[in-house]
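Read off the chains here:
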Amino acid sequence: MSASGKDNATGAERRRGTHLDTPTSFARRGVMAPAGLWERGSEASGISLPSGRSFALSEAAAPPKPDRAPKALTISPSGETNLSARFGAAPLEKSANSVSKLPEKPETLGPQDKCGWLSRPGEITGRQIDEKLIGREIARDQWIDGQTRARQLREQSEDIARRLEGQGITMRQDREITMVGLVTGLAERSTDFRNCNLIPQMQSRNMHDMMKHVRFVFDTTRPGQLRMLVVSGGWVPLEDYREYHRAHCRRISKMAALPALRAAGVEALYYNVENTIQRGDDGRVMLNLHSHILIRSSRRLGKKKWRAFMDRLRLHFPKGYVHDSPIREPAEVVKYVFKPSEFKALSDGELAELFWQMHGRPAEETGKDRGEGPLKFFHPLGSMRRFRQSLKAERRKLVLVPTQDDRWVWRMTEKKEPKPVEASSAPPQKNMLLAITSPSPRFGPKMEPVLVVQDYTGDLEAVIRQANIEDRAAFARILFNRPRKPDQARRDSASMKHTTTTTVPNHAGPEAWKLYPPPDRAGQSLPGGMLQ
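As the structure is a computational prediction, the values presented were derived from the model and not from experiment. For every chain, the first residue of its written sequence is number 1, and the numbers climb from 1 along that sequence. Where local features are concerned, this predicted model is filtered to residues with pLDDT of at least 70; where side-chain atom pairs are given and counted, the filter is 80 or more; whole-chain, interface and lining totals use all residues. Note that water and hydrogens are dropped before the side-chain values are worked out from all heavy atoms of the structure.

J.: Give me the overall build of the chain: which residues, what numbers.
T.: Looking only at helices and strands, the chain has 13 helices and 13 strands in total. Categorising residues by exposure relies on relative accessible area from a 1.4 Å probe, with only protein chains included: less than 20% of the type maximum marks a residue as buried, more than 50% marks it as exposed, and the intermediate range marks it as partly exposed. For the chain, with 532 residues in total, the buried portion stands at 50%. Pairs of residues are marked as contacts when any of their non-hydrogen atoms sit within 4.5 Å. Look at the contacts in the chain between residues 6 or more apart in sequence, and 74% of them connect residues 24 or more apart. Surface accessibility follows the Shrake-Rupley procedure with a 1.4 Å probe radius. Residue values consider only the protein chains on display as shielding. For the chain, the accessible area works out to roughly 26,000 Å², and carbon and sulfur atoms hold 49% of it. Helical segments are the DSSP runs of H or I of at least four residues, strand segments are the runs of E of at least two, and each set is numbered from the N terminus.

Structural data, given as structure tokens:
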């Protein structure tokens, strides 16, 4: 390159900040790291398998980093600035909330993305995950908080399921499932609910799946590139919710394909549909339909250009209410679908109507060849959607695991499908192992794998023998009994509390639906003026 070319490149880097060209993380506790940061399994822990086979990882530990570097300014798409750690910076101390040391080289970038989030994490096996997580202990107060939330979800789920079943809707699968700790042997009956987002346990499970992939986006995107849009669908009547929901999702999908987004270097990555419930003055049930959209900008736009970009987006939505803000945590964009506490304001018949609006009515009621399909509430878009599709095609899943220096990094591992249950006239087999979960602190602060067992008789050893997992069980028990110090496990949860983000101007209120009739069948626009 000529001297002038170098000068030009240096000037461009100076204008946008050289740290934006290096891989950093937006996570609170960890960053993306390349392969090669693992301790050597059994050599590091002094553990060998009961069968005599050694357990070793071939990758070497990372070299130490230099002392903490000064901070540099990052620039958001709208021109705002904030402080973030410069490439190569090390934390002042090792803690759950500190920023971890960054790798010297980025992960291999995907062919479609040079911004970093389509990085392909290194592979890890199930045994290596066990080595990393089994016996790891979280703080006891954190575990107690988790147990309290889990108990509340179970109680709410049972109550809502009973109300819907009283209206003739089947909400449970006809099988007995028990969760059993592989090491402790502690067991807990688990109701096999229908996958419906009205059931808090199922809603929480669906949000957890999306939370993992949105967290991956955060950890592999440079600071200042992510922002959040809040889009309102307005207050809609319960009996027309299905039409409004589908029209709302079509508008967001069309927004993601607007040429204005590509021209501004902006990509929509994810959104989910959220609802709050109130009654209008006339007693009619109204739902506040809105979405939080995760977007990523690959270039810096000044305030003037960003304002013009937002004005263009407002023209796309009939209500004209589109608000943008910085985003710092995945929980700000992965939120509730419905708040279980608000179902108390509904009669059982109104709750059943909400179910049919969500899942569609059967063919015998619609008079069509087939019934209406269920509504979708969680929507990956763009490169995030393509990445999820690639994982599914390759039968891979993402996992977070700790390194030797107490950082949490992403890895990919083989995804094992649950064991299918064959239909047969013969009585079901007792103690049938359906799946083994990743180690988690389900029955205590220490993490252990959990067995998902059908028709459990209380005999853990019978389950282990029948599934032929004696070696894994023995190895897990050795790992579980290793002395470890408590730490803060890297586990994010989606918030089901009331959001403080404004979604509809207060003066509109639940009666605003009268100004905006339901969308037409083609899902075009809703009439009405701009809400300022």
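Having seen the structure, we can now continue with the description.
J.: Give a description of the packing of helix H5 (residues 200-219) against helix H11 (residues 382-394) that names residues and reports values.
T.: Interaxial distance between H5 and H11 falls to 11 Å at its minimum, and their mutual angle equals 115 degrees. For the pair H5 and H11, the sense of crossing is right-handed. Of the residues in H11, those in contact with Asp-209, Met-210, His-213, Val-214, Phe-216 and Val-217 of H5 are Met-384, Phe-387, Arg-388 and Leu-391. Residue classes follow a fixed rule: Ala, Val, Leu, Ile, Met, Phe, Trp, Tyr, Cys and Pro count as nonpolar, while Asp, Glu, Lys and Arg count as charged, and any other residue, Gly among them, counts as polar. Within the contact of H5 with H11, the residues separate by chemical class into seven nonpolar, one polar and two charged. Helix axes are fitted only over the stretch in contact, all axes being lines through C-alpha atoms; the angle between N-to-C directions runs from 0 to 180 degrees. Should the near helix be turned anticlockwise from the far one by less than a right angle, the crossing is left-handed, and should it be turned clockwise, the crossing is right-handed.

J.: Any chance you could break down the sheet that holds strand S8 (residues 322-326) for me, citing the residues and the numbers?
T.: What the five strands build is an open sheet, ordered S8-S5-S7-S6-S9; its pairing is antiparallel. This sheet does not close on itself; its edge strands, each paired only once, are S8 and strand S9 (378-380). Averaged over all pairs of adjacent strands, the angle between strand axes in this sheet comes to 20 degrees, irrespective of strand direction. Pairing of strand S6 (residues 266-279) with S9 involves three bridges; the strand directions are antiparallel. The partner of Tyr-271 across the bridge, within S9, is His-379. Pairing between two strands is assigned when DSSP locates at least 2 bridges connecting them.

J.: I'd like a description of unusual backbone geometry, backed by residues and values.
T.: In the Ramachandran plot, Arg-395 falls in the positive-phi region, its phi being about 55 degrees despite a non-glycine side chain. Residue Arg-395 is classed as partly exposed on the basis of its relative accessible area of 41%. The phi angle at Asn-431 is positive, at roughly 55 degrees, despite the residue not being glycine. Positionally, Asn-431 belongs in the loop between strand S11 (408-414) and strand S12 (432-436).

J.: Which residues make up the sheet that holds S12, and what values go with them?
T.: Judged by pairing direction, the sheet is antiparallel, and its four strands sit side by side in the order S4-S3-S13-S12 without closing on themselves. Sheet topology places strand S4 (187-190) and S12 at the edges, where each strand pairs with a single neighbour. Each strand of the sheet is rotated relative to its neighbour by a mean of 30 degrees, with strand direction disregarded. Relative to strand S13 (residues 450-454), strand S3 (residues 177-181) runs antiparallel, the two being bridged by five bridges. Paired with Thr-178 across the bridge in S13 is Val-453.

J.: Give me helix H3 (residues 126-133): which residues, what numbers.
T.: The element H3 is largely enclosed, with a buried count of six among its eight residues. One or two positions beyond H3, positive phi appears at Gly-135, with a value near 90 degrees.

J.: Tell me about the packing of helix H4 (residues 140-165) against H5, residues and numbers included.
T.: Where H4 meets H5, the closest approach of the two axes is 7 Å, and the angle between their N-to-C directions is 125 degrees. The angle between H4 and H5 places the two elements in the oblique class. Across the interface between the two elements, Leu-153, Arg-154, Gln-156, Ser-157 and Ile-160 of H4 pack against Pro-200, Gln-201 and Ser-204 of H5. Partitioning the contact of H4 with H5 into residue classes produces three nonpolar, four polar and one charged. Roughly parallel refers to an angle under 35 degrees, roughly antiparallel to one over 145, roughly perpendicular to one between 65 and 115, and oblique to any angle outside these ranges.

J.: For the environment of Arg-299, give the residues involved together with the corresponding values.
T.: Here Arg-299 lies in the loop between strand S7 (285-297) and helix H8 (303-316). Apart from residues lying up to four places away in sequence, Arg-299 is in contact with Arg-262, Ala-263, Ala-264 and Gly-265. We call two N or O atoms a polar contact when they sit within 3.5 Å, provided that within protein one can donate a hydrogen and the other can accept it, with sequence-adjacent residues counted only if both atoms are side-chain atoms. In terms of polar contacts, Arg-299 uses its side chain to reach the backbone carbonyl oxygen of Ala-263, at 3.0 Å.

J.: Go over the nonpolar core, please, and point to the residues and values.
T.: We call a set of buried Ala, Val, Leu, Ile, Met, Phe, Trp, Tyr and Cys residues a nonpolar core when their side-chain atoms join them within 4.5 Å. Counting residues in each nonpolar core, the largest one holds 68 residues, and the members touching the most others are Leu-294, Phe-338 and Leu-354. Ignoring any residue separated from it by four or fewer positions in sequence, one finds Leu-294 in contact with Val-214, Val-217, Phe-218, Leu-226, Arg-227, Glu-267, Ala-268, Leu-269, Tyr-270, Ile-327 and Val-333.

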